[in-house]
Amino acid sequence: MSEVSEVSEVSEVSEVQTVSVVRAESRVERNTYRIVRNEQIADGIFELILDAPDIAAVATSGQFVNLYLPDGAMLLPRPISIAGADADTGAVSLIYAVVGAGTRVLSLLRPTSVSTTTLTHASGIHFGTNMIEAMGPLGTGFFDYKGSLLTFGDLSKESFLDQNTARADAHGKTTVVLIGGGVGIPPLFFAAQKLRDAYGSEIEITAFLGYRNAPWLDERFVQICDAVHTISESLDNLSEVSPVVDSPSLRLGQAPIESANGGSRVVRASQTGNVIDLLDAWRDEIFTTQKEPSPLCSSLCSSLCPTLALSCGPKPMLAAAAAWCARNDIPLRVSLEERMGCGYGACAGCTTKTQSLNDPEKPQNGSDGPIIDGVIKKKVCRHGPVFWAGEVVW
Ligand SMILES: Cc1cc2nc3c(=O)[nH]c(=O)nc-3n(C[C@H](O)[C@H](O)[C@H](O)COP(=O)(O)OP(=O)(O)OC[C@H]3O[C@@H](n4cnc5c(N)ncnc54)[C@H](O)[C@@H]3O)c2cc1C
Ligand code: FES
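Rules used throughout
- Residues numbered from 1 in each chain as written.
- Chains lettered and ligands numbered in written order.
- Predicted model: local features only at pLDDT ≥ 70, side-chain atom pairs only at ≥ 80, totals over all residues.
- Helix = DSSP H or I, 4+ residues; strand = E, 2+ residues; numbered from the N terminus.
- Buried ≥ 20, exposed ≤ 12 C-beta atoms within 10 Å, placed from the backbone.
- Contact = placed C-beta atoms within 7 Å.
- Pairing = 2+ DSSP bridges.
- Near = placed C-beta within 6 Å.
- Nonpolar A, V, L, I, M, F, W, Y, C, P; charged D, E, K, R; others polar.
- Domains from an automatic or database assignment.
- Core = buried A, V, L, I, M, F, W, Y, C linked by C-beta atoms within 7 Å.
- pLDDT = per-residue confidence, 0-100.
- Expected span 1.5 Å × (residues − 1).

Caption draft 1: How the structure looks around the overall build of the protein. Scanning the protein from N- to C-terminus turns up seven helices and 18 strands. Residues counted as buried form 46% of the 394 residues belonging to the protein. Taking as baseline every contact in the protein between residues at least 6 positions apart, the subset at least 24 positions apart corresponds to 64%.

Structure, rendered in structure tokens:
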């Protein structure tokens, strides 16, 4: 699997059970975990790997972990999506951007105890620890759509393919499209892994990834996806492309290059374009090989017509992806990243407006609150972060 599988040794974990979230089938607790790695993987982007067997055993893609900073550096936890989890090794990967005080403190933590003098933050907090408190996995994942908050749905053929059989049959193959932007990209990698692990070559996965600067996670997507389309706002030259995928044959905007697993990768640089432009270009390309319109697709349709789309990234991008998928009759699940307080359903600090879909093929999580003028307020941390795109009041 991914890099997380490199962790083989499981350490003693001392438990700090100050808060626990109880659900019917699962008890999510705040524990202390060993930091296996916390390294910069791109400019301002870090990967934190925790030795967290209890989280790794049940985590599903789209869920997140609350990280509590050491020495009570900040009262509120920092929610970070799960970018990978390996139940065999107990490793959990979290990829984050340093955007403020909390993530800056996080980036200073190291896997081994080091001299506190070298890691003393301006705030006076000492970082001589290789442990961090965390709570997870939290929230509803991309594939948890049985309609209940109380199911931590594993990705199984029952919970995914059954929901999509009609659409997949109509198109001959199950095709999933991933639409990611910035730090919304890592949780989609976990989704791709789960899909590939569950369905092997039965499924076609195409990723559309938008970066502000040079791409930093494409090499992992290329290993798993059938095709990866990337756009960057400021990719001026090829030397910025990560070495694993760089190749003499790779030229911006040129025909796809073959990757090790037969997948392909297209890189486009654009100061003005975005991931929706990538989707448009792809649609124009594949839909020129149009076959008869399927009863499920009112407009153009091809054998690559997606069964499902998953998206995570900035809210304007999610709204644009929702509009694009609606135009093209593609069911879309989006992962929202609202600002959070407690991160586990206790404070109502993360509510978002939703509406009922009344669609048996798209079961929705229940809500704690009433319906007022057709609007249902749901907690992103508890009823989400993943919702059907049509459910969200944009
Ligand atoms: C469910 C969920 C999953 C997330 N997953 C990831 C992830 O995988 N990787 C990652 O890098 N970040 C992720 N985030 C965002 C991350 O939690 C915030 O960037 C982080 O808490 C900021 O903490 P800070 O103290 O460094 O910044 P602060 O000082 O608190 O804020 C710095 C800046 O970031 C903005 N900001 C803070 N929190 C959010 C938020 N939740 N959404 C949008 N803007 C925010 C603030 O408005 C401010 O402009 C996720 C958020 C949620 C709710
Ligand atoms: S952050 Fe407290 S309820 Fe969601």
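Caption draft 2: Region of the structure containing the sheet that holds strand β17 (residues 375–379). Spatially, β15-β17-β16 is the arrangement adopted by the three strands of the open sheet, whose pairing is antiparallel. Edge positions in the sheet fall to β15 (351–354) and β16 (371–372), since each has one partner strand and no second. As paired strands, β16 and β17 are joined by two bridges and run antiparallel to one another. Each residue of the ladder has a partner; that of Ile371, found in β17, is Ile376.

Caption draft 3: Up close: the site of ligand 1. The full set close to ligand 1 counts 20 residues, and Ser81, Tyr96, Gly100, Gly102 and Thr103 are the nearest of them. For the shell around ligand 1, the elements supplying multiple residues, two or more each, are β5 (78–86), β6 (91–97) and α2 (101–107). Counting residues per element, the shell around ligand 1 draws most heavily on β5, which supplies four residues. A class-by-class count of the residues in the shell around ligand 1 yields twelve nonpolar, four polar and four charged. Formed jointly, the shell around ligand 1 draws a minimum of three residues from each of two domains, domain 1 (3–138) and domain 2 (161–337).

Caption draft 4: Spotlight on the nonpolar core. Val65, Val92, Leu178, Ala192, Ala207 and Phe221 are the most contacted members of the largest nonpolar core, which has 90 residues in total. For this core, the domains that each give at least three residues are domain 1 (3–138) and domain 2 (161–337). Each residue touching Leu178, except ones within four places of it in the same chain, is listed here: Leu188, Ala191, Ala192, Ile205, Ala207, Phe208 and Leu310.

Caption draft 5: Representation of the confidence of the model for the protein in the model. Confidence in the prediction for the protein averages 74 pLDDT; 65% of positions are at 70 or higher. pLDDT under 50 marks residues 113–127. Its contacts with residues more than four places away, or in other chains, come to 24 contacts. Throughout residues 237–262 the model reports pLDDT below 50, and contacts reaching past four residues in sequence, or to other chains, amount to 39 contacts.

Caption draft 6: Representation of helix α7 (residues 315–327) in the model. Here α7 is 13 residues long and its end C-alpha atoms lie 18 Å apart, about the 18 Å a rise of 1.5 Å per residue gives. Listed as buried for α7 are Met317, Leu318, Ala320, Ala321, Ala322, Trp324 and Cys325. Of the residues flanking the end of α7, it is Asp329, one or two places downstream, whose phi is positive at about 55 degrees.

Caption draft 7: Quick peek at the pairing of β6. With six of seven residues buried, β6 is to be regarded as a mostly interior element. As defined by bridge partners, strand β3 (residues 45–51) adjoins β6 across seven bridges and the pair is classed as antiparallel. Residue pairing in the sheet places Asp51 in a bridge with Ala91 of β6. Sheet topology places β5 next to β6; four bridges connect them, and they run antiparallel. Paired with Ile82 across the strands is Leu94, a residue of β6. Taken together, β5 and the strand that follows it, β6, pair antiparallel across an intervening segment of four residues, in which Gly90 is found at a positive phi of about 85 degrees.

Caption draft 8: Representation of unusual backbone geometry in the model. Cis geometry is found at the peptide bond from Gly136 to Pro137, where omega equals -5 degrees. With respect to the helices, strands and loops of the structure, Pro137 is situated in strand β7 (residues 131–138). Put simply, Gly384 and Pro385 share a cis peptide bond, and its omega is 10 degrees. Along the polypeptide, Pro385 turns up in the loop between β17 and β18 (386–388). You will see that Ala348, though not glycine, has its phi angle at about 60 degrees, which is positive. Its place among the elements puts Ala348 in the loop between β14 (332–335) and β15. A positive phi angle, near 50 degrees, is found at Asp373, a position not held by glycine. Within the secondary structure layout, Asp373 lies in the loop between β16 and β17. Owing to 5 C-beta atoms within 10 Å, Asp373 belongs among the exposed residues under this scheme.

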